[in-house]
Amino acid sequence: MAMLSAVLHEKGLVDDAVAMATAAIEAAPESMAVRDIIGYALSNGVQSFHVPMLLDHARNAAYARAIRRMVHPGMRVLEIGTGGGLLAMLCAEAGAIVTTCEAQPTIAATARAIVDRNGFSDRVRVISKRSDLLSIPEDMDAPAELVVHEIFGRRLFDEGVTAALRDARARLLVAGAPALPPRAEIRCALARSVDARRRVVTIEGFDMSLFNLLTVPGRQLRLKKREHVDYCSETASVLRMNYDAPSPFGPQTETVSLVSTGGRIDGVMQWIRLDFGAGETLESDPFSEDGATSWGATLFDFAAPLETAPGDIVEVTLSHKDMRLLVDAVVRPRSTV
């Protein structure tokens, strides 16, 4: 059955592949070989962040509280980005009729099986499409009254949240439909890193430095490792997005003045904060005791470390374009301020 599941998946019959995989696991729950065959087959094309996201208890609880507060029986809900189906089922549990979409076919098939296993298939419809390919009435009977979304990467914009919500507001939602979460923002601070930036320079006597041009700016840091990074300023909020407002939801570029505590500064530490309303927020500051763990944070290294005196101002400019977050910084000595 495991081998048949792999063959079905290769042929694109993903719902059948997931059903066969489920039967194989139930028939041989202790078999590592069965799980390995299925895992290698079905995980192809599935991004690795999904399991950490589902195990992020702070994230799950924040969404659950907000959904129970905002969803009422009979409400039409559109969820963008099904993942495992957790948020859709929370909405259905609160009484909503849910249309949820997932671009990755194997994830969508697995979510359908999870929804069915938990008894919500009569209230949750999982569609294997990107949200901008959904249409009324083919996929939705009527415009939704609430949009639920969790298409944030650790840089806020890097999973396409802006474009997806812009399109949904134009075509798939009733006028003025609220978003959940309604607001999000970038948080940042100046930072000093204990670990030197890993850059290609000279290897075996050859100048290999041009290969650095192929690296994505910023490096993701392991969580809960305060000994690896020190903040060198107070934290600040920037690029606040209001998804209940008309597109583009907030500024594209913003500059914030951060006051250095002095010494070497290696870059700008960046993470995200979601605001669910009613005083409910969720922040991915890796050094917070109750922060969300599934996003992590990014250190944007300067081209070269900055030497600063206490009180020096570092003007940090953040901008976003499509799914990219760009960071630039200029230091102004305190004597010139």
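The structure contained in this document is the topic of the report that follows. (Residues numbered from 1 in each chain as written. Predicted model: local features only at pLDDT ≥ 70, side-chain atom pairs only at ≥ 80, totals over all residues. Heavy atoms only, no water.)

1. Topic: the side chain of D139
Along the polypeptide, D139 turns up in the loop between β3 (124–127) and β4 (146–149). In contact with D139, not counting residues within four places along its chain, are T99, R125, I127, K129, L133 and L134. (Helix = DSSP H or I, 4+ residues; strand = E, 2+ residues; numbered from the N terminus. Contact = heavy atoms within 4.5 Å.)

2. Looking at helix α2 (residues 14–27)
Side chains three or four residues apart in an α-helix point the same way, a direct result of the helix having 3.6 residues per turn. Between the first and last C-alpha of α2 there are 20 Å, a value that for 14 residues agrees with the 20 Å anticipated at 1.5 Å per step. Turning to α2, its buried residues number three or more, namely V14, A17, V18, A21, A24 and I25. All buried residues of α2 fall inside an arc of 125 degrees around its axis, so they share one side. Along α2, exposed side chains directed more than 90 degrees from the buried face belong to E26 and A27. Packing partners of the buried residues in α2 comprise α1 (2–10), α3 (32–42) and α7 (105–117). (Expected span 1.5 Å × (residues − 1). Buried < 20%, exposed > 50% of the residue type's maximum accessible area, 1.4 Å probe, protein only. Arc of directions from axis to C-beta.)

3. Here we look at the pattern of salt bridges
Here the structure, examined in full by the defined rule, presents 19 salt bridges. For the salt bridge of E26 with R117, the shortest nitrogen-to-oxygen distance reads 3.1 Å. Placement of E26 in helix α2 and of R117 in helix α7 is noted, with a sequence separation of 91 residues between them. Accessibility classification places E26 together with R117 in one group, the exposed group. E315 serves as the salt-bridge partner of R332, at 2.6 Å between the closest nitrogen and oxygen. Linking R332 in strand β17 (residues 324–332) with E315 in strand β16 (residues 313–321), this pair joins segments that are 17 residues apart in sequence. Given the relative accessible area of 31%, R332 is considered partly exposed. Here the residues in one salt-bridge network are E185, R187, R240, R273 and E283, joined through shared partners. (Salt bridge = Lys/Arg side-chain N within 4 Å of Asp/Glu carboxyl O.)

4. Brief notes about the sheet that holds β17
Pairing is antiparallel across the open sheet formed by 3 strands, whose spatial order is β12-β16-β17. Both edges of this open sheet fall to β12 (253–259) and β17, since each of them pairs with a single strand only. Averaged over all pairs of adjacent strands, the angle between strand axes in this sheet comes to 20 degrees, irrespective of strand direction. By the bridge criterion, 7 bridges tie β12 to β16 in an arrangement that is antiparallel. If you follow T255 over to β16, its bridge partner there is T317. (Pairing = 2+ DSSP bridges. Axes fitted to C-alpha atoms, helices over the stretch in contact; angles between N-to-C directions.)

5. Some thoughts on unusual backbone geometry
Of note, the bond from L180 into P181 is cis; its omega dihedral lies within 30 degrees of zero at 0 degrees. Relative to the elements of secondary structure, P181 occurs in the loop between β5 (179–180) and β6 (183–193). The omega torsion across S247 and P248 is 20 degrees, close enough to zero to call that bond cis. Tracing the chain through its elements places P248 in the loop between β11 (236–242) and β12.

6. Describing α1
Every buried residue of α1 is accounted for by A2, S5, A6, L8 and H9. Taken down its axis, α1 places every buried residue within 165 degrees of arc, on the same side. Away from its buried face by more than 90 degrees, α1 exposes M3 and E10. With its phi angle positive at about 85 degrees, G12 sits one or two positions after the end of α1.

7. Quick notes on the nonpolar core
Counting 73 residues, the largest nonpolar core has L78, I80, F152, L156, I186, Y243 and L274 as the members making the most contacts within it. If you tally residues by element for this core, the top one is helix α6 (residues 86–93), at 6 residues. Those residues in contact with I80 that sit more than four places away from it in its chain are C101, S131, V147, V148, H149, E150, I151, A164, L165 and A168. Judged by nonpolar contacts, the second largest core, of 12 residues, contains V14, A24, A41 and A109. (Core = buried A, V, L, I, M, F, W, Y, C linked by side-chain atoms within 4.5 Å.)

8. Points about the packing of aromatic side chains
Counted according to the given criterion, the structure contains 4 aromatic pairs. Taking the centre distance of 5.5 Å and the plane angle of 5 degrees together, the rings of Y231 and W271 count as stacked. One end of the pair, Y231, is in strand β10 (residues 229–231); the other, W271, is in strand β13 (residues 263–277), and 40 residues separate them in sequence. The same class applies to Y231 as to W271, namely buried. Taken together, a centroid distance of 5.4 Å and an interplanar angle of 65 degrees make the contact between Y243 and F249 edge-to-face. Across this residue pair, the class does not change: Y243 and F249 are buried. Every member of this aromatic cluster is reached through a ring pair, and the members are F152, Y243 and F249. (Phe/Tyr/Trp six-rings, centres within 6.5 Å; stacked < 30°, edge-to-face > 60°.)

Geometry only, nothing functional implied.
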